[in-house]
Amino acid sequence: MMTTRKRIADLLTRERLGLTDLAARLDLPLKEVLDHLNHVRKSTRPPLRFMVEPSTCEGCGFVFKDRRKLSPPGRCPRCKSQSIREQIYRIR
């Protein structure tokens, strides 16, 4: 049986997924998946790369391109909207 982190890495090598999608597929709480995801990011070695498509504000279109955290942002710094599209993760 595969560990949770290996299952996450396996899912992300096959498709692009957000945090809520990963949590639903693994049947785990978001916080637990986020903890495992941080470890998966650190342990991904070349030639593979852990890639993050940044979150985007649905209100004004602000892109969180310089964000290093994998956790979802709480609100937009420009318009203060809490309607944020989540980050998408992938391993290529």
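Report on the accompanying structure. (Residues numbered from 1 in each chain as written. Predicted model: local features only at pLDDT ≥ 70, side-chain atom pairs only at ≥ 80, totals over all residues. Heavy atoms only, no water.)

Once that is clear, we can look at the overall build of the protein. Looking only at helices and strands, one finds three helices and five strands in the protein. What you see in the protein, going N to C, is helices and strands ordered as α-β-α-α-β-β-β-β. In terms of overall dimensions, the protein is globule-like: its C-alpha atoms have a radius of gyration of 14 Å, near the 12 Å expected for 92 residues. Each of the three principal axes of the protein carries a C-alpha extent, and together these read 45 × 30 × 20 Å. The buried share of the protein, reckoned over its 92 residues, is 32%. Taking the contacts inside the protein whose residues are at least 6 apart along the sequence as the reference set, 55% of them involve residues at least 24 apart. Separation of charge centres in the protein, based on 21 positive and 10 negative side chains, amounts to 7 Å. (Helix = DSSP H or I, 4+ residues; strand = E, 2+ residues; numbered from the N terminus. Rg over C-alpha atoms; globule rule 2.2 N^0.38 Å. Buried < 20%, exposed > 50% of the residue type's maximum accessible area, 1.4 Å probe, protein only. Contact = heavy atoms within 4.5 Å. Lys, Arg positive; Asp, Glu negative; His and termini not counted. Charge placed at Lys NZ, Arg CZ, Asp CG, Glu CD.)

Here we take up helix α3 (residues 30-43). Residues spaced three or four apart along an α-helix face the same direction, because each turn holds 3.6 residues. Helix length check: α3, at 14 residues, gives a terminal C-alpha distance of 20 Å against a target of 20 Å (1.5 Å per residue), a fit within 8%. Along α3, the residues classified as buried are Val 33, Leu 34, His 36, Leu 37 and Val 40. Close packing links the buried residues of α3 with α1 (4-14), α2 (19-26), β2 (50-53) and β5 (88-91). (Expected span 1.5 Å × (residues − 1).)

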